[in-house]
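Close look at the chain arrangement
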Amino acid sequence: MSLKPQIKYIAAILVIIIAAGTYIALNQEKPREVVIYTSVDQIFSEPILDEFEETTGIIVKAVYDVEATKTTGLVNRLIAEKENPLADVWWNGEIAQTILLKEEDVLSPYSSPEAVGIPDAYIDPEGYWTGFGGRARVCLVNTELMDPEDLPSSIYDFLDEKYPADQIAIAYPIFGTTATHVAALYATLGPEEASNFFAALSMRDIRVVDGNGVVRDLVADGSIMFGLTDTDDSIGAIERGAPVEMVFLDQGPDEMGTLLIPNTIALVKDGPNVEEAKIFIDYLLSEETVGELVELGWFQLPLRDLEVDQEYFDANNVKGMTVNYVEIYGFIEQAKREMTEIFVR
Amino acid sequence: MIELKNVSKNYGRVQALSDITFNVPKGKTICILGPSGSGKTTLLRVIAGFEYPTSGQVIIGDDLASSPEYLIEPHRREISAVFQTPALWPNMTVAENIDYVQPLSSPTELLDQIGITALSDRYPNELSGGEARRVSIIRALLADKRYLLLDEPLVNMNPELKEIIHQIIVEETQRRGTGVLYISHDASELEYADKIYVMSEGKIAEK
Amino acid sequence: MRLKETVPKIFIVLLLFGPLLYLVADAFIQAFSETGLIQLAFPVGRRLNLLINSLTLPTLVSITVAVIGLLAGSLLVYEDALVWRWIKWGFLVTAPVPPYIHALVWSSTIRMLNNLLRVYGFSLPVSGWFMSYLVDTMAYLPLGVGLAMVGYMLVETPAVEAARLFKEDIRVFMEIVVPLASPMILAALGFVFILVVTDYSVPTLYSYNVYSLEVFSEFSASNNSAHSVWLSMPIVLITLIVLVFSLRGLRNTVQSSSISRTETVSSWSFPSWFKSIQILAATIILIQVIFLLGGLLLETGNLTSLYFAVEAATDDLVVSGVIGLFGAVLGGVLGYVLSARLGKGGLWWVLISIPLALPSSIVGIGLIDVYSRWLPWLYGTMAMPILAVTIRFVAIATIIIYTQSKRVDALLFEAAELFKKEELQALWRVKMPLQKYGIAAAFAALIAFSVGELGSTLLVVPPGSETLTIRIFNYLHYGGSEEVAGLCLLVVVLMMGLTGIAFKTYIGDRKQ
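This structure is a prediction, so every number in the text was calculated from the model and none was measured. (Residues numbered from 1 in each chain as written. Chains lettered and ligands numbered in written order. Predicted model: local features only at pLDDT ≥ 70, side-chain atom pairs only at ≥ 80, totals over all residues.)

1. Some details on the overall build of chain A
Looking only at helices and strands, one finds eleven helices and ten strands in chain A. Each principal axis of the C-alpha atoms in chain A carries an extent, and together these give about 85 × 60 × 40 Å. Per-residue burial for chain A yields a buried fraction of 52% across its 345 residues. Sequence separation of at least 24 residues holds for 76% of the intrachain contacts in chain A that already meet a minimum separation of 6. (Helix = DSSP H or I, 4+ residues; strand = E, 2+ residues; numbered from the N terminus. Buried ≥ 20, exposed ≤ 12 C-beta atoms within 10 Å, placed from the backbone. Contact = placed C-beta atoms within 7 Å.)

2. Considering the sheet that holds strand S6 (residues 70–71) of chain B
All names here are of chain B. Strand order in the open sheet made by the five strands is S2-S1-S4-S5-S6, with antiparallel pairing throughout. Every interior strand has two partners, whereas the edge strands, strand S2 (14–24) and S6, have only one. The pairing of strand S1 (residues 2–11) with strand S4 (residues 55–60) spans five bridges and is classified as antiparallel. Opposite Ser-8, over in S4, you have Ser-55 as the bridge partner. Relative to the sheet, helix H1 (residues 40–48) contacts S1, S2, S4 and strand S5 (63–67), its axis offset from that of S2 by approximately 60 degrees. (Pairing = 2+ DSSP bridges. Axes fitted to C-alpha atoms, helices over the stretch in contact; angles between N-to-C directions.)

3. Focus on helix H2 (residues 42–56) of chain A
Residue and element names in this part refer to chain A. Taking 1.5 Å per residue, 15 residues should reach 21 Å; H2 reaches 20 Å between its end C-alpha atoms and fits that length. Listed in full, the buried residues belonging to H2 are Gln-42, Ile-43, Ser-45, Ile-48, Leu-49 and Phe-52. At the C-terminal side of H2, Gly-57 shows a positive phi close to 80 degrees. (Expected span 1.5 Å × (residues − 1).)

4. Some remarks on the interface of chain A and chain C
Opposite the 45 residues of chain A that make contact, chain C presents 45 residues. The greatest single-element share of the side of chain A that touches chain C, amounting to seven residues, is contributed by helix H3 (residues 72–80) of chain A. Taken together, the residues that form the side of chain A that touches chain C break down as 19 nonpolar, twelve polar and 14 charged. (Nonpolar A, V, L, I, M, F, W, Y, C, P; charged D, E, K, R; others polar.)

5. Side note on unusual backbone geometry
Residues other than glycine seldom take positive phi values, yet Asp-270 of chain A does so here, at roughly 60 degrees. Along the chain, the position of Asp-270 of chain A falls in the loop between strand S10 (260–268) and helix H9 (274–285). Classification of Asp-270 of chain A by C-beta neighbours within 10 Å gives partly exposed; the count is 14. Although it is not a glycine, Glu-201 of chain B adopts a positive phi angle of roughly 50 degrees. Within the secondary structure, Glu-201 of chain B sits in the loop between strand S10 (195–200) and strand S11 (203–206). On the basis of neighbour count, Glu-201 of chain B is assigned to the partly exposed category, with 13 C-beta atoms found within 10 Å.

6. Remarks on the packing of H2 of chain A against helix H10 (residues 287–296) of chain A
Residues and elements named next belong to chain A. It is at 10 Å that the axes of H2 and H10 come closest, and there the two elements cross at 145 degrees. By crossing handedness, the relation of H2 to H10 is classed as right-handed. Each of Phe-44, Pro-47 and Ile-48 in H2 lies in contact with H10, whose residues at this interface are Thr-289, Glu-292, Leu-293 and Leu-296. (Left-handed = near helix turned anticlockwise from the far one by under 90°.)

7. Some points on the sheet that holds S11 of chain B
Residue and element names in this part refer to chain B. With mixed pairing, the six strands of this open sheet are ordered in space as S7-S8-S9-S3-S10-S11. Looking at strand neighbours, the two that pair on one side only are strand S7 (79–82) and S11, the edges of this open sheet. Adjacent strand axes in the sheet meet at a mean angle of 20 degrees when their direction is disregarded. Examined bridge by bridge, strand S3 (residues 29–33) and S10 share four bridges and lie parallel to one another. Counterpart to Leu-33 in the pairing with S10 is Val-198.

8. A look at helix H7 (residues 212–220) of chain A
All names here are of chain A. The element H7 is largely enclosed, with a buried count of nine among its nine residues. Of the residues making up H7, those classed as buried are Asn-212, Gly-213, Val-214, Val-215, Arg-216, Asp-217, Leu-218, Val-219 and Ala-220. Just past H7, the residue Gly-222 takes up positive phi, approximately 80 degrees.

9. Things to note about the domain arrangement of chain A
For an interface, size is often stated in terms of accessible area lost upon the parts coming together. Residue and element names in this part refer to chain A. Taken domain by domain, chain A holds domain 1 (33–132 + 262–310) and domain 2 (135–259 + 332–343). Residue-level contacts link eleven residues of domain 1 with 14 residues of domain 2. Class assignment of the residues belonging to the side of domain 1 that touches domain 2 gives a composition of five nonpolar, three polar and three charged. (Domains from an automatic or database assignment.)

As structure tokens, then:
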């Protein structure tokens, strides 16, 4: 019995249907859309994107990053795609990688009218990116394991022998906001002092874990006394009822302050939907959206004169490091390499 | 005609065929005698197009069929074969195995003669060794190709059946004018041969 | 006629290896202008120590898996008892469950265990190499046991029974059966070694530094894939050596065991000490399955949580399903074509396994570099993640189909080619039906592995689409909620079903 000729007819009909469907699909009027690449945790960014879509009718197509790739994945995707970009907007949960993308000629300048009120320190002088809303680096402590008078108050307390090394944790200082914090210390203290500090931490054999979230979890479940993490992670633990408290380090009058890490937003160069991208950037930078993100718990510091309902700390009284973010970025590669030498062994 | 010109076949350091030259004319029966390991099966596989020759040529009709760089696919060579094992397809019944090579609208006299009409609905794993071998022979004959290769087709058959089947092979191939290459280690099967060759250690010589 | 063979070869090589070849070529070109790049391939000092230390974990995990596979596999293949026959392949359904899901369960389990143990004054480590070893071993145990079982099944019964006439069963097992099955067991050891040595996600979860982390860290610092390519050369070389060694054993076993078997040896009389360690090994696998399912069930809490988790992730389920299904079809077709090549030389074995050995993010970057530049109309579509999973896992499909096809007499295929009247007749009526179990098993396995893939999928998934794995990872980072456990449970159950089909069909060809 040979192959049935009916199969050939069915195949021909299928080809015709597929061809017709493709033709119809290609000739349909395309709805407005915008493509957002974001490193912001999906649980925070997705509601904002959904709301934008509902408000404007512009379809949002998002690409989220995952902690496992430490933002490196998405940034490298943007660089690799730059000759034919798919993305319209880059929304970053921090700043260093945004500056990198500017250096790699992935971004286009755009000055949003909604950026009024944001201090110059958080806006690129050439308009390639805008910072809005920030998180802060913070020390999360377990209140059941520590007395209030014994809480660390400075980054240097991490070297204090009175705190057992196996009770202290930081995330790998090679990725994410921890890497940015290291670079900020390089910029503030000088590379040698900063490098020596971390070398001493490594010598102490403090716990180095896979991310700020892990630090948070270890403090929350009492595995360690305290660790370095971000405000959003800390608040998450507080809201879940963990016996923890946030301590902002180096807040004294002569101390350096803690690092504030702004979110940044930028227009991708040659993206397919420029007008829609600008509408989205304006939307995200609006006071209303910033307020919403504070409420969601993604960031805690509006970075501009804005009334926010922050129940866990006084956002106006956090002393930030006096830093130039571009200078921080300049130290990132050196800092990452030296931290790899110190901690990956 | 199937023509072999200086055909050799190596497997690494092992020389399975060494400078073989002979031919199988259409309508004639050529027999090759030889002990096991002499290269008979390898010869068949090269002629059928399952293997490239290491050197030399196989020509079928007027066309180059095989050379070290060139090979016409087996099904385009007008060759049918009976292998050392029955090689019946286990997912098909006897009738379907035969239908694969030549659609049959009704049982033929040939099927009755060989005694396998009654086996039509059985699967290969439901046949005895002898029955399976008979089916493979009838399958090859009904393919009705110009040339037929037979690799020890009657091995392990009882003498009576051997005689019947041998007779059928001879009659059918003579009737159709098929060129036959018959390989055996039993000289008693060679009485109808037009030419006999002897094979040993990959080399061939006319007897 | 050689051209007819060469063109498909070139197409397959370009499709599978084009992106990787491009990256390697780019790395070599950059090496001319950037001094010091080549030096990355020769680790010294800290990196050399890291590399040497990094080999400990995969060595320990692969040996453990191989030993448990050797013991448990023999029990599951040769035991007559109904209980073992029923649950034989059930053990293996967790094979494609990703290690991060095992990490979720075992981290909770060890923490709970420590709460009990602290009463007696001690506790188990919750980080470091111990947890990495535990999680990786549990994750890859089914793979090791499965391959060991296939190894035992390829041992020819008459050969074993002949030996049993002359020596006691334990000696026959050690001297005849294990050596004959060892190539498959060694293959399992090799595959597990490669999967562990190229992974950094589990070790970094437990603060255990490995060389793969160095590679990724360099990528993060330089944002230059050429740096990572050169830095990963030692790992690639090591994995290739292991691969060639382990696959050589597989290749030889398969080629020498072309006779299909319909029965396994039964009624062994082993000494009680041996039976005990067999049962212990099988129990370890059972623990792995029970703890995986139980841990996730407990974490999920109730069906309502599961329902809400599934509802929120419906789109992601569809995307994962599409990638899995089409990746399986493409991978299955390519695997079928490549399986025919495996008999022609060892080089093909090495070639198909390179994408498995390289870090998954390298595959993703290669795809972006090639397709966004030269095929932009294809880039940004669902074709990209489908290609990514195909490239990564085609080796698995190829080897499954090849090993199963070797249980069929090759002469049947040759006869079909000889007698066919139409071009596709041999393929449709003989070759595919006789290999249907291998093809179905490869298909199901591909779906399962593709659904759980993260590293390369993340880099090429089209905007607006997200896989279930990406969503799970995002929620894991946020804080291991009930929803995460519910989604993980869904992934596990889906993968269990698919693996169950794969292994059931793989060994179902008894009549052939």
